[in-house]
Amino acid sequence: MGHGEEHDSALPRMASHRSVPLLGIESLAYRADARTILECLTLEVRKNEIHALLGANGSGKTTLAHIIMGCAGYAPSAGAVRFDGHDLAGLAVHERARLGIALAWQEPVRFEGLSVHHYLCLGAHGPAPAECLRRVGLEPEIFLYRVLDKSLSGGERKRIELASMLAMQPRLALLDEPAAGIDMPSLEEIERLIIDLRGGGGAVLLITHVESVARIADRASYLCGGRIAFTGDPATAAVRYRERVR
Amino acid sequence: MLSALATLYADAATLTDPHTAHIVIEGNQVISRQSVPGVELRIEEHGERLAAELVVAQGARIETPIHTCIGFLGARGTQRIEMRLRLAPGANATVLAHCLFPNSEAGSHAMQAGIELGATAELHYVEGHYHGLAGGMNVRPHLAVRLGTGAHYFSDFSLTQGTVGRLHIDQKVTAADDAVAEITARVFGRGTDEIEIRDELVLAGRASRGLIKTRIALCQDARANVVGITRGRAEGARGHMDCLELVRDRAMARAEPIVDVSHPLAKVTHEAAVGTVDQSQLETLMAHGLTPEDAIDVIVTGILR
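Concerning the overall build of chain B
Phase 1: The helix and strand tally for chain B stands at 3 helices and 19 strands.
Phase 2: Scaling as 2.2 N^0.38, a compact globule of 305 residues should have a C-alpha radius of gyration of about 19 Å, and chain B matches this with 20 Å.
Phase 3: Expressed as lengths along the three principal axes of its C-alpha atoms, the size of chain B is roughly 55 × 55 × 35 Å.
Phase 4: The contacts of chain B with a sequence gap of at least 6 include a subset with a gap of at least 24, amounting to 78%.

Below, the structure written as structure tokens:
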């Protein structure tokens, strides 16, 4: 556990002989432009778990996702990121993806000339593209052969990004603000999808600043001041988050 | 020439279709031609140059694309073509121009084209080049296009297979009232290819509209210079230029958009991006397990599609 981190006493503390977590982050630090973004951050995501990461805007949640994925410019200045016990240091994005880590980006990029079908086939191990689209509320007849360019709305592009998680069936899905840009009536659909990702045997790190989204998680952590300030049940994490934000 | 076309294009069989107008030119000689009702073809061979005129009759709607197959199969050759393409008022046609230089080591192709669209006529002009790997071609298509009132002109030039060699496109489109023009060029340069594109769109008529879209991918030592010019000359004229050039290795690219508006109620906008492959796009595809090389291929193929 990191310095100053609270732990929910109602939950059993992890025993020293517990199984290796799927994602283990130990004393992670990250600096950008001489500014400390993350410091001594410790976090574990267990197998078959939805783990919510709550935090205010600019608290470093997306930065953490990029560090886990190995994006350029996001090498930690200290600490380690382990996946199923293996240190990810030095591995490129595609090598991490091949281990089973996938990231649904907060603001998914657009591609000229790349069809939704093609995109959903890249690295796919799960259901067919049409089925993935249906499960995020998009009609395959309309969207399957659309191009992933500016002609899609922000919400449509976001759903396609989530559909790609279903298609890839990663062992660890990093979902960065999956509810952003999604209309309220569709939120339940997205929550079901997140639960489905865990149901397939994977784990989910659910990054959000919306506490209602975090309620579907098995556990939640609250990120504040570059550190994990609390880990425990989602309701308590939400309370801590609300108190700090106020 | 026909067999080369059959090798390179799946739709080559359409040339034997009696309902498809076509003209096949090898070097400066016509080797096959066919008209259909509503399409008139006139050709004159003058030794080292060839003059062709293609006229679509007033109100004629040509359902099957007109094919023009132009090129030469030898290692050396010079081709000089003067082409006049005229769509009478209300006519509608698609022209598929296949330009084949599969074995050229030192050749040139110069095309001087005049395109005229009468009122409300619509032309889709799709020009696809296939050059071999030797890179010895010098291609100079120069087009002057005049659009009548309410005419629609869509042109799509692509040279994405084989080695470009030297390419110099010079196109000027003048649009009358309510006319619409969309000009697209897609080129993949490699080796020591030199690409020069100058597209000029004059929105002379009231409520005329136009788009110049350019997509270039360069690698190794290739060079590209893209000049897009849009002139807004009338009330309600709307123009946009969109240029994207991807650069890798030692390649160099330049984009020069020129916005020239001389009417207070005209509007012309532009966007140009020149640089390496977008890091976010690259990492998004790598996060699907693609190697950086495969991810770049997907991105480049997409923008040239």
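Description of the sheet that holds strand S2 (residues 23-32) of chain A
All names here are of chain A.
Phase 1: Read from one edge of the open sheet, 4 strands run S3-S2-S5-S6, paired in antiparallel fashion. Of all strands in the sheet, those with a lone pairing partner are strand S3 (35-45) and strand S6 (86-87), marking the two edges.
Phase 2: Of the pairings in the sheet, the one linking S2 to S3 comprises 7 bridges and is antiparallel in character. Paired with Ile-25 across the strands is Leu-43, a residue of S3.

Considering the nonpolar core
Phase 1: Ranked by size, the top nonpolar core spans 161 residues in total, and within it Leu-54, Leu-172, Leu-174 and Leu-206 of chain A carry the most contacts.
Phase 2: If near-sequence neighbours (up to four positions away) are discounted, Leu-174 of chain A is found in contact with Ala-65, Ile-68, Met-69, Ile-101, Ala-102, Leu-103, Ala-104, Leu-205 and Ile-207 of chain A.

So, the confidence of the model for chain A
Phase 1: With 91% of its residues at a pLDDT of 70 or more, chain A shows a mean pLDDT of 89.
Phase 2: Note on residues 9-17 of chain A: pLDDT is under 50 here. Beyond four places in sequence and across chains, it has 4 contacts.

Brief notes about the interface of chain B and chain A
Phase 1: Counting residues at the interface gives 18 residues for chain B, matched by 19 residues for chain A.
Phase 2: Those elements that place two or more of their residues in the side of chain B that touches chain A are helix H2 (279-286) and helix H3 (292-304) of chain B.
Phase 3: Residue contributions to the side of chain B that touches chain A peak at 7 residues, all from H2 of chain B.
Phase 4: For the side of chain B that touches chain A, the class distribution of residues is 7 nonpolar, 9 polar and 2 charged.

Some words on H2 of chain B
Phase 1: For H2 of chain B, the tally of buried residues reaches 6 of 8 residues, placing the bulk of the element in the interior.
Phase 2: Listing the buried residues of H2 of chain B in full gives Gln-281, Leu-282, Glu-283, Thr-284, Leu-285 and Met-286 of chain B.
Phase 3: Residues of H2 of chain B that are buried make contact with helix H2 (93-99) of chain A together with H3 of chain B.

Examining the pairing of strand S7 (residues 101-104) of chain A
All names here are of chain A.
Phase 1: Both faces of S7 are covered, namely the face carrying Ile-101 and Leu-103 and the face carrying Ala-102 and Ala-104.
Phase 2: Sheet topology note: the S7/strand S8 (residues 172-176) ladder contains 4 bridges and is parallel. What sits directly across from Ala-104, in S8, is Leu-175.

Overview of the pairing of strand S13 (residues 180-189) of chain B
Looking along a regular strand, one sees side chains alternate from face to face of the sheet.
Residue and element names in this part refer to chain B.
Phase 1: Here 8 bridges tie strand S11 (residues 152-161) to S13, and the two strands are oriented parallel to one another. Within S13, the position partnered with Phe-154 by the bridge is Glu-182.
Phase 2: Pairing of S13 with strand S15 (residues 209-218) involves 10 bridges; the strand directions are parallel. Bridging from a neighbouring strand, Gly-189 pairs with Leu-218 of S15.

Regarding the sheet that holds S13 of chain B
Residues and elements named next belong to chain B.
Phase 1: Ordered by their spatial adjacency, 10 strands build an open sheet running S2-S1-S5-S7-S9-S11-S13-S15-S17-S19, and the pairing between neighbours is mixed. The sheet is open, and its two edges are formed by strand S2 (29-34) and strand S19 (267-275), each paired on a single side. Each neighbouring strand pair of the sheet contributes to a mean axis angle of 5°, computed without reference to strand direction.
Phase 2: The sheet contact formed by S15 and strand S17 (residues 238-247) spans 10 bridges and is parallel. Counterpart to Ile-212 in the pairing with S17 is Met-241.
Phase 3: In the packing of H3 onto the sheet, contacts are made with S11, S13, S15 and S17, and the angle to S15 comes to roughly 150°.

Quick look at the packing of H2 of chain B against H3 of chain B
All names here are of chain B.
Phase 1: Close contact between H2 and H3 brings their axes to 9 Å; oriented N to C, the two are set at 120°. The handedness of the crossing between H2 and H3 comes out as right-handed. On the side of H2, the interface is formed by Gln-281, Leu-282, Leu-285 and Met-286, while H3 contributes Pro-292, Ala-295, Ile-296, Val-298 and Ile-299.
Phase 2: Partitioned by chemical class, the residues of the contact of H2 with H3 number 8 nonpolar, 1 polar and no charged.

Considering helix H6 (residues 154-168) of chain A
One full turn of an α-helix is made of 3.6 residues, so residues set three or four places apart face in the same direction.
All names here are of chain A.
Phase 1: Between its terminal C-alpha atoms H6 stretches 21 Å, which fits the 21 Å expected from 15 residues at 1.5 Å a residue.
Phase 2: Burial within H6 is extensive, with 12 of its 15 residues counted as buried.
Phase 3: Within H6, the full set of buried residues consists of Arg-157, Lys-158, Arg-159, Ile-160, Glu-161, Leu-162, Ala-163, Ser-164, Met-165, Leu-166, Ala-167 and Met-168.
Phase 4: Of the surrounding secondary structure, the elements contacted by the buried residues of H6 are S7, helix H3 (116-121), helix H4 (129-135), S8 and helix H7 (187-199).
Phase 5: Once H6 finishes, Gln-169 follows within two positions and takes phi at roughly 50°, a positive value.

Regarding unusual backbone geometry
Phase 1: Despite not being glycine, Ser-27 of chain A shows a phi value in the positive range, around 45°.
Phase 2: Inspection of the secondary structure puts Ser-27 of chain A in strand S2.

Thresholds applied
Residues numbered from 1 in each chain as written. Chains lettered and ligands numbered in written order. Predicted model: local features only at pLDDT ≥ 70, side-chain atom pairs only at ≥ 80, totals over all residues. Helix = DSSP H or I, 4+ residues; strand = E, 2+ residues; numbered from the N terminus. Rg over C-alpha atoms; globule rule 2.2 N^0.38 Å. Contact = placed C-beta atoms within 7 Å. Pairing = 2+ DSSP bridges. Core = buried A, V, L, I, M, F, W, Y, C linked by C-beta atoms within 7 Å. Buried ≥ 20, exposed ≤ 12 C-beta atoms within 10 Å, placed from the backbone. pLDDT = per-residue confidence, 0-100. Nonpolar A, V, L, I, M, F, W, Y, C, P; charged D, E, K, R; others polar. Axes fitted to C-alpha atoms, helices over the stretch in contact; angles between N-to-C directions. Left-handed = near helix turned anticlockwise from the far one by under 90°. Expected span 1.5 Å × (residues − 1).

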